[in-house]
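One letter stands for each residue in the lines below.
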Amino acid sequence: MKLKSFVLITLGLLIILISVVNKAQYNSTLSVESENYDTQHVYNVIQKSEADFNKSKLDISQQIYITCSKSVNKGGCYNFEFAKLTELNSMQYSIEVLRLLQTIDPDAKFCHLIGHAIGQAEASKTLTLWKNLLASTTYECTYGFIHGIVEEQGRRNPDFKIDAQLIQDVCSKVQAPHRTSAESACVHVLAHVILVQTKGNIDKALDICRDLKDFHYYDCAAGTFMENIMRFNLESLDMISFSKTINTRLENLEDICHSYSGLDTKACWQEMAHAYVVAHHYNPSLIFEACNKAQDEPSSMACALHSMDSILPQKKYDLVTIGGICSKNKFLSNFEKECYSRVVRYMTIFFAKTEGTEKVSDFCSRAPTDIRSSCFQALDDILKEINFA
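Calculation criteria
- Residues numbered from 1 in each chain as written.
- Predicted model: local features only at pLDDT ≥ 70, side-chain atom pairs only at ≥ 80, totals over all residues.
- Heavy atoms only, no water.
- Phe/Tyr/Trp six-rings, centres within 6.5 Å; stacked < 30°, edge-to-face > 60°.
- Helix = DSSP H or I, 4+ residues; strand = E, 2+ residues; numbered from the N terminus.
- Buried < 20%, exposed > 50% of the residue type's maximum accessible area, 1.4 Å probe, protein only.
- Axes fitted to C-alpha atoms, helices over the stretch in contact; angles between N-to-C directions.
- Left-handed = near helix turned anticlockwise from the far one by under 90°.
- Contact = heavy atoms within 4.5 Å.
- Nonpolar A, V, L, I, M, F, W, Y, C, P; charged D, E, K, R; others polar.
- Salt bridge = Lys/Arg side-chain N within 4 Å of Asp/Glu carboxyl O.
- pLDDT = per-residue confidence, 0-100.
- Arc of directions from axis to C-beta.
- Polar contact = N/O pair within 3.5 Å; in protein donor to acceptor, adjacent residues only side chain to side chain.
- Parallel < 35°, antiparallel > 145°, perpendicular 65-115°, else oblique.

1. Some points on the packing of aromatic side chains
By the definition in use, this model includes six aromatic pairs. Relative to phenylalanine 160, the ring of tryptophan 130 lies with its centre 5.0 Å away and its plane at 85°, an arrangement referred to as edge-to-face. Residue tryptophan 130 is located in helix H8 (residues 130–136), and its partner phenylalanine 160 is located in the loop between helix H9 (140–156) and helix H10 (164–171); the two are separated by 30 residues in the primary sequence. Assessed through its relative accessible area of 6%, tryptophan 130 is described here as buried. Centre to centre, the rings of tyrosine 340 and phenylalanine 363 are 4.5 Å apart; their planes meet at 20°, and the pair counts as stacked. Placement of tyrosine 340 in helix H19 (residues 335–355) and of phenylalanine 363 in helix H20 (residues 358–365) is noted, with a sequence separation of 23 residues between them. Residues tyrosine 340 and phenylalanine 363 agree in their burial class; the two are buried. Here the aromatic residues Phe110, Tyr317 and Tyr346 are joined through ring pairs into a cluster of three or more.

2. Quick look at the packing of helix H4 (residues 57–69) against helix H5 (residues 74–88)
Where H4 meets H5, the axes come as close as 9 Å, and the angle between the chain directions of the two elements is 145°. Judged by the twist between their axes, the crossing of H4 over H5 is right-handed. Only Lys74, Cys77, Tyr78, Glu81, Phe82 and Leu85 of H5 make contact with H4, whose side of the interface consists of Ile60, Ile64, Tyr65, Cys68 and Ser69. Among the residues making up the contact of H4 with H5, the classes are represented as eight nonpolar, one polar and two charged.

3. Quick look at the pattern of salt bridges
With the rule as written, the count across this model stands at 13 salt bridges. The salt bridge partner of aspartate 107 is lysine 316, with a shortest N-O separation of 3.1 Å. Residue aspartate 107 is found in the loop between helix H6 (91–104) and helix H7 (112–125), and its partner lysine 316 is found in the loop between helix H17 (297–314) and helix H18 (319–326); the two are separated by 209 residues along the sequence. Note on aspartate 107: relative accessible area 23%, which makes it partly exposed.

4. Notes on the confidence of the model for the protein chain
Averaged over the protein chain, the pLDDT score is 82; the fraction of residues at 70 or greater is 83%. For the protein chain, the element scoring lowest by mean pLDDT is helix H1 (residues 2–11), at 39; helix H16 (residues 284–291) scores highest, at 97. Throughout residues 1–40 the model reports pLDDT below 50, and contacts reaching past four residues in sequence, or to other chains, amount to 117 contacts.

5. Structural notes on H16
Considered for burial, the residues of H16 that qualify are Pro284, Ile287, Phe288, Ala290 and Cys291. Burial along H16 is one-sided: seen end-on, the buried residues are contained in an arc of 160°. Here the buried face of H16 lies against helix H15 (262–279), H17, H18 and H19. The distance from a side-chain oxygen at the start of H16 to the backbone nitrogen of serine 285 is 3.1 Å, and the residue carrying that oxygen is asparagine 283.

6. A word on the packing of H5 against H6
If you want to describe how two helices pack, look at the angle between their axes and the distance between the axes. It is at 8 Å that the axes of H5 and H6 come closest, and there the two elements cross at 140°. On the basis of their axis angle, the class for H5 and H6 is oblique. Handedness of the crossing formed by H5 with H6: right-handed. Contacts from Tyr78, Phe82, Leu85 and Thr86 in H5 reach Met91, Tyr93, Ser94, Val97, Leu98 and Leu101 in H6. Tallied by class, residues from the contact of H5 with H6 come to eight nonpolar, two polar and no charged.

See the structure below:
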């Protein structure tokens, strides 16, 4: 039961880590405008779609794919194009085009940052209605739309202040098949903004998180530590800047984690996974060794499992490869079992509705004999939680 609870607590935070992989592969949305690729044809399609809303969404998705496939920064190109599409139409319209694009280009399934771009563009049009947008947005793209909406509010509204009451009011209304991970995502991204609000003071940010008591305190603490590590909002860094400086910051960041105790230290080490996957270029053995620097086993486990959330999309969800990686952690005896359960829960929450469960079932069938039953149990549990039929 404790192991299941541990996976549940940390599951919601994996939705944030997916952005590390996307940002490692592509530049930030804001840097895309300067790239020299031909967008005129797509802009013409988008402009025409504004005048003729019944323009084929499939045609638009095909044109975006053709244009962005020519770019050295395809992911960034997608972010930019979908932001423009949303500005001219609506978030729902862009989501429908994105779903069609995903049938053309499997890479577009890794769409967390596209979700950011769409959410930001929609929120910029209706800053006063951001709570309504959050309550009605889709869980797709690992909750990227939620992140974009909140980030835009934090950037554009100088009166936007976050406290525990606002977090509970907003995040308890987010709808998704799996409420625990949806609420976790919401709390986590608000915590990023809290650290900006406290001007980078971690302890003051954690004080706000503590007012949450039992309502996702851990998620709030983890979001705070992640922002301190990544600093995308504090310093408006992009992934390239982060990658260039992370090795010079590792020792200091580790010292910060060592200075905390209890859930705080566990949350801090969990978010160190972001730093380690970049510093060690997604090498699982080196990442697991780095995670073992944590002062206790639960913190080491949190770090190692969280790193899998970045390794998964980086390996394009090749579950044969992922199974091999799950067996590589020589520092934590129970890691392989927890790793399989983690992968099963993630894949089921975000892909079962659109792709079924056959791939995950095959993954469990190939699991080592001693953990096969627990893998299938994890699959059965999460299918019940999301009411999958």
